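Okay, here's what each chain looks like letter by letter:
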Amino acid sequence: MRKILSRIGLGLLLLVIASIVLCFYFNQFTYAYTLLVVLLFIFGGMGQLYKLKNDEYMYARGNQQQRSEYEEYTR
């Protein structure tokens, strides 16, 4: 399922980039700049998701380390 969704996402990303190029070619600058803003929001959202996953991993790793130190001390 994840592989299919990543292919769909990549296809949509390529479609947006191609439509930006076509909008500039046909002198539709308003649409092209709007699509650039949409692309900026997409990359910003992806960055926030990766940051959230990293924070979650670091939190779990830190708690696991503290817990194991406590368990070692109380043995």
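Refer to the preceding data block for the structure.
Residues numbered from 1 in each chain as written. Predicted model: local features only at pLDDT ≥ 70, side-chain atom pairs only at ≥ 80, totals over all residues. Heavy atoms only, no water.

A. Local environment of the overall build of the protein chain. A tally of helices and strands in the protein chain yields two helices and zero strands. Buried residues in the protein chain amount to 7% of all 75 residues. As displayed, the protein chain has an accessible area near 7100 Å², and 66% of this comes from carbon and sulfur atoms. (Helix = DSSP H or I, 4+ residues; strand = E, 2+ residues; numbered from the N terminus. Buried < 20%, exposed > 50% of the residue type's maximum accessible area, 1.4 Å probe, protein only. Areas by Shrake-Rupley, 256 points an atom, 1.4 Å probe, with all protein chains shown as cover.)

B. Focus on the packing of aromatic side chains. Counted under the stated rule, the structure contains three aromatic pairs. Between the aromatic rings of Phe-24 and Tyr-33, the centroid separation amounts to 5.4 Å while the plane-to-plane angle is 85°, which identifies the pairing as edge-to-face. For the pair Tyr-25 and Phe-26, a centre-to-centre distance of 5.2 Å together with 70° between the ring planes defines the contact as edge-to-face. Like Tyr-25, the residue Phe-26 is exposed in the burial classification. Counting every residue linked through ring pairs, the aromatic cluster contains Phe-24, Phe-29 and Tyr-33. (Phe/Tyr/Trp six-rings, centres within 6.5 Å; stacked < 30°, edge-to-face > 60°.)

C. Examining the environment of Ile-17 more closely. Inspection of the secondary structure assignment puts Ile-17 in helix α1 (residues 2-25). Overall, Ile-17 belongs to the partly exposed group, its relative accessible area being 39%. Separated by 19 residues in sequence, Ile-17 and Leu-36 place their C-alpha atoms 8.4 Å apart.

D. Here's a closer look at a nonpolar patch on the surface. On the surface, a cluster of nonpolar side chains totalling about 670 Å² of accessible area is made up of Met-1, Ile-4, Leu-5, Ile-8, Leu-12 and Leu-15. Note on placement: Ile-4 falls in helix α1. (Patch = residues over 30% accessible without salt bridge, like charges linked within 9 Å, V, L, I, M, F, W, Y side chains within 5 Å. Salt bridge = Lys/Arg side-chain N within 4 Å of Asp/Glu carboxyl O.)

E. Seen up close, the environment of Leu-36. Turning to its location among the elements, Leu-36 is positioned in helix α2 (residues 29-74). C-alpha of Leu-36 to C-alpha of Ile-20: the two residues are 16 residues apart in sequence and 7.2 Å apart in space. Not counting the four nearest positions on each side in its chain, Leu-36 is found in contact with Ile-20 and Phe-24. (Contact = heavy atoms within 4.5 Å.)

F. Here's a closer look at unusual backbone geometry. The phi dihedral of Asn-27 is positive, around 60°, even though this residue is not glycine. Along the polypeptide, Asn-27 turns up in the loop between α1 and α2. Here Asn-27 falls in the exposed class, since its relative accessible area comes to 54%.

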